[in-house]
Amino acid sequence: MSAMRLDKYLALSGERTRSEAARAVRNGQVRVNGVPARDPAMKLADGDEVTLAGVPVLDRSFQYYMLHKPAGVLTASRDSRAATVMDLVPEALLRRKVLPVGRLDKDTTGLLVLTNDGALAHALLNPKRHVWKRYIARVSGRLDEADAEAFAAGMALDDFVAKPAKLAILRAEEAESLAAVELREGKFHQVKRMFLARGHEVLALHRAAFGPLTLPDSLQPGGFCELTAAQVRALQDAVAKPESGEG
Ligand code: URA
């Protein structure tokens, strides 16, 4: 955020009109970095934390979206040869430098967060603060409890040891099974590689949840929507929490 007046920041966040915001400041309801602010014209700096009546106020100079990534598009900046998720994003957002947070494989569908809030994106991808992601996987062969235990124990792959993950078997049949997988890492092809290490090929992969966000049924493949203030706060809270043990 470039230097912005406090009353403008509050008005942009949608919490108050500009004159109501100025009044709230004068009434001592607004704090900046924990200190009561008195001047609505006060200039904010990058990283300043603003609260109104004790509740954090979002920086609306950033944009936050969720996309239902369809199969067949790359999570990459624009590519002249292949379709990318950026082809699904309106020009106005491209101009504001909104980018995907992390990657999904070309054939993977589901929830992808897009934002130009680089600090939040960075924190969401930080391995130390990695938020849980939930995938639905259709895999070859019959999954069983030994697979769930192997996921839960953490798994040695070629070049790293995957942290403990959760595998819930939703349907197990001879030819194919369906499972929900939760993990907080995001290494290249990680879910596919974990199943492959157990002898199961991933036939379809869908990300249903990213931290506190769940892909709504109403959002069709290719569709995207702006996150609500509550959803952005939930993402910020997810990275603010200290690491809660292994697993
Ligand atoms: N794991 C994978 O293997 N692929 C994805 O797209 C996401 C997680």
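Now for a look at the structure at hand.

Conventions adopted
Residues numbered from 1 in each chain as written. Predicted model: local features only at pLDDT ≥ 70, side-chain atom pairs only at ≥ 80, totals over all residues. Heavy atoms only, no water. Near = heavy atom within 4 Å. Polar contact = N/O pair within 3.5 Å; in protein donor to acceptor, adjacent residues only side chain to side chain. Helix = DSSP H or I, 4+ residues; strand = E, 2+ residues; numbered from the N terminus. Nonpolar A, V, L, I, M, F, W, Y, C, P; charged D, E, K, R; others polar. Pairing = 2+ DSSP bridges. Phe/Tyr/Trp six-rings, centres within 6.5 Å; stacked < 30°, edge-to-face > 60°. Buried < 20%, exposed > 50% of the residue type's maximum accessible area, 1.4 Å probe, protein only. Arc of directions from axis to C-beta. Contact = heavy atoms within 4.5 Å. Core = buried A, V, L, I, M, F, W, Y, C linked by side-chain atoms within 4.5 Å. 1 Å grid on protein atoms, 1.4 Å probe; cavity = no way out; pocket = protein on both sides within 12 Å on 5 of 7 lines; lining within 4 Å. Points joined across faces, edges and corners; volume = space filled by probe spheres on them.

Moving on, we get to the site of the ligand. Taken together, Leu104, Asp105, Thr108, Tyr135, His189, Gln190, Val191, Lys192 and Leu205 make up the full set of residues near the ligand. Side-chain polar atom of Asp105 to a nitrogen atom of the ligand: 2.7 Å apart, as the coordinates give it. Interatomic distance of 2.9 Å between a side-chain N/O atom of Thr108 and an oxygen atom of the ligand. Here the shell around the ligand takes three residues from helix H6 (residues 190-197), the largest share from any one element. Grouping the constituent residues of the shell around the ligand by class yields four nonpolar, three polar and two charged.

Here the focus is the sheet that holds strand E2 (residues 30-32). Within the open sheet, the four strands sit side by side as E3-E2-E5-E6. Their pairing is antiparallel. Of all strands in the sheet, those with a lone pairing partner are strand E3 (35-36) and strand E6 (55-56), marking the two edges. As paired strands, strand E5 (residues 50-52) and E6 are joined by two bridges and run antiparallel to one another. By the bridge assignment, Thr51 is partnered in E6 with Pro56.

Here we take up the packing of aromatic side chains. Each pair of aromatic rings is reported with the distance of its centres and the angle of its planes. Per the stated rule, a full pass over the model turns up two aromatic pairs. Summarising the aromatic geometry, the rings of Tyr65 and Phe224 are spaced 5.4 Å apart at their centres and angled 55° between planes, so their arrangement reads as tilted. With Tyr65 in strand E7 (residues 64-69) and Phe224 in strand E17 (residues 224-226), this pair connects stretches of sequence that are 159 residues apart. Arranged with centres 5.0 Å apart and planes meeting at 50°, the rings of Phe151 and Phe195 form a pair that is tilted.

Listed as buried for helix H2 (residues 18-26) are Ala21, Ala22, Ala24 and Val25. Take H2 and look down its axis: the buried residues cluster within an arc of 160°, on one side only. Against the buried residues of H2 lie helix H1 (6-12), E2 and E5. Count one or two residues on from H2 and you reach Gly28, which has phi positive near 80°.

Glancing now at unusual backbone geometry. A positive phi angle, near 50°, is found at Asn33, a position not held by glycine. One can find Asn33 in the loop between E2 and E3. Owing to a relative accessible area of 46%, Asn33 belongs among the partly exposed residues under this scheme. The phi angle at His189 is positive, at roughly 55°, despite the residue not being glycine. Mapped onto the fold, His189 is located in the loop between strand E14 (176-183) and H6. Looking at His189, the relative accessible area reads 30%, which means it is partly exposed.

So, on to the pairing of E7. With respect to burial, E7 is a largely interior element, six of its six residues being buried. Neither face of E7 is open: one carries Tyr64, Met66 and His68, the other Tyr65, Leu67 and Lys69, and all of them are buried.

Counting residues in hydrophobic clusters, the biggest one holds 32 residues, and the most contacted among them are Phe151, Met194 and Phe195. Looking at this core, the elements with two or more residues in it are E7, strand E9 (109-115), strand E10 (133-140), helix H5 (145-153), E14, H6 and strand E15 (202-210). Setting aside anything within four residues of it in sequence, one finds Met194 in contact with Phe151, Met155, Leu157, Ala162, Lys163, Ala165 and Leu183. Listed in part, the 20 residues of the second largest apolar core include Val131, Leu213, Leu219 and Val239.

Moving on, we come to the layout of surface pockets. Taken as a whole, the largest pocket holds about 650 Å³ of empty space. Mapped onto the lining of the largest pocket, the elements with two or more residues apiece are E5, helix H4 (118-125) and helix H7 (229-240). Looking at the lining of the largest pocket residue by residue, the class counts come to twelve nonpolar, four polar and seven charged. Lining the second largest pocket are 27 residues, with Arg103, Gly186, Lys187, Phe188 and His189 sitting closest to its centre. Broken down by secondary-structure element, the contributors of at least two residues to the lining of the second largest pocket are E10, H6 and E15. Residues of the lining of the second largest pocket, tallied by class, amount to twelve nonpolar, seven polar and eight charged.

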